[in-house]
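Read off the chains here:
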Amino acid sequence: MQHRMELEMDLREALEKDEFFLAYQPTFDLSDMTPTGVEALIRWRHPVRGVVQPNDFIPLLEETGLITEVGRGVLREACSQGASCRQAGYPIAIAVNVSARQLDSDQILADIEGALCDSGLDPEALTIEITETTLMRNIEETSRRLAQVKQLGVRIAIDDFGTGYSSIAHLQRFPVDALKIDRSFITGLAHNREGETLIHTLVQLGKALSIETFAEGIEQQHELSLLRDEDCDSGQGFLFARPLDVPATETFLQNWADNITPTSTQAPQHT
Ligand code: C2E
Ligand code: MG
Ligand code: MG
């Protein structure tokens, strides 16, 4: 209880002192291995604990409702970063994670619109990622809000797909553009036939519904080979690139423009 209260106080202070920042993890087209964009991932530069990873503070941000304000900042920052990269000549897409709490109110529409408008980012270059569990929480309201988000021209991806309890029938109800297959399905692929069968089925499901399939957390070459054999569309993972800070993202984009496909052996600075 004591620890929680301290953490909550720290989080409020972090918001005031602007201690949150974004890392950007590149995403790739698996058919030709070209980069397609970046996913914005929040970090907290804690004055004592150093850089704190999102799994350690997002749940409390959600519980306290602070996520609404933090999430608004993430959208603004990611859109503005994306717009400036695009203005610099890199045609990247930006993905932003949106939490359940943010989707509980119409404020999310104003937040997305505001971030797009102020940054000048092309709405089609923005994807919002929503976990499967979030989608299923409040189906009526969520599908109405997502339809409005879609009308803005923004893309929608289901994050951590396969870990929640969505029914296939519901998938058709939401304007979904991409399924991000959870890392747990990718890890250890090729060492087990059941895993392969599951991936095959998930990719075919995406194809049947004309939804892009995206593999999360690709770490091994054999996982990549298998995903390419199965014709999975896109992916991200430590095999290609870890989440990068802004200067490293710029270097990554520069290398891309110079036609150098980065590999994990180049060990870019990550956060
Ligand atoms: P996510 O959206 O599924 O993000 C992918 C996570 O997997 C990231 O962890 C990323 O660093 C990690 N990852 C990517 N490739 C690999 C890999 O090859 N191997 C392994 N082991 N991990 C990999 P991260 O940055 O710690 O983020 C964790 C989660 O926190 C995210 O999962 C997302 O649900 C949440 N999150 C991050 N940023 C935000 C945000 O701005 N808003 C909200 N609401 N949630 C966020
Ligand atoms: Mg995500
Ligand atoms: Mg995920």
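Because the structure is predicted, anything quoted here is derived from the model rather than measured.

1. Points about helix H9 (residues 193-208)
Okay, step 1: For H9, which comprises 16 residues, the first-to-last C-alpha distance of 22 Å matches the rise-based estimate of 22 Å (1.5 Å per residue) to within 8%.
Okay, step 2: Turning to H9, its buried residues are Gly195, Glu196, Ile199, Leu202, Val203, Leu205 and Gly206.
Okay, step 3: Turning to H9, the residues buried within the fold contact strand S6 (155-161), helix H7 (168-173), strand S7 (178-181), helix H8 (183-186), strand S8 (212-215) and helix H10 (221-229).
Okay, step 4: One or two positions beyond H9, positive phi appears at serine 210, with a value near 55°.

2. Considering the coordination of the magnesium ion (ligand 2)
Okay, step 1: Coordination of the magnesium ion (ligand 2) by the protein involves Glu39 (OE), Asn97 (OD1), Glu129 (OE) and Asp159 (OD), with metal-donor separations of 2.0 to 2.2 Å.
Okay, step 2: If you look at the magnesium ion (ligand 2) and the magnesium ion (ligand 3), they sit 4.3 Å from each other and are both ligated by aspartate 159. Here glutamate 39, found in strand S2 (residues 34-46), pairs with asparagine 97, found in strand S4 (residues 93-97); they are 58 residues apart in sequence, far enough to count as distant.
Okay, step 3: The partly exposed category is assigned to asparagine 97, whose relative accessible area is 28%.

3. Quick word on the site of ligand 1
Okay, step 1: As a structural note, the neighbourhood of ligand 1 is formed by 22 residues, with Arg43, Asn97, Asp159, Glu219 and Phe238 the closest of them.
Okay, step 2: Phenylalanine 238 places a main-chain nitrogen or oxygen 2.8 Å from an oxygen atom of ligand 1.
Okay, step 3: Bound to the protein, ligand 1 loses 85% of the 810 Å² it would expose on its own.
Okay, step 4: Listing elements by their share of the shell around ligand 1, those giving two or more residues are S2 and S6.
Okay, step 5: Partitioned by chemical class, the residues of the shell around ligand 1 number 8 nonpolar, 6 polar and 8 charged.

What counts as what
Residues numbered from 1 in each chain as written. Chains lettered and ligands numbered in written order. Predicted model: local features only at pLDDT ≥ 70, side-chain atom pairs only at ≥ 80, totals over all residues. Heavy atoms only, no water. Helix = DSSP H or I, 4+ residues; strand = E, 2+ residues; numbered from the N terminus. Expected span 1.5 Å × (residues − 1). Buried < 20%, exposed > 50% of the residue type's maximum accessible area, 1.4 Å probe, protein only. Contact = heavy atoms within 4.5 Å. Donors = N, O, S within 2.8 Å, 3.2 Å for Na, K, Ca; no water. Near = heavy atom within 4 Å. Polar contact = N/O pair within 3.5 Å; in protein donor to acceptor, adjacent residues only side chain to side chain. Areas by Shrake-Rupley, 256 points an atom, 1.4 Å probe, with all protein chains shown as cover. Nonpolar A, V, L, I, M, F, W, Y, C, P; charged D, E, K, R; others polar.

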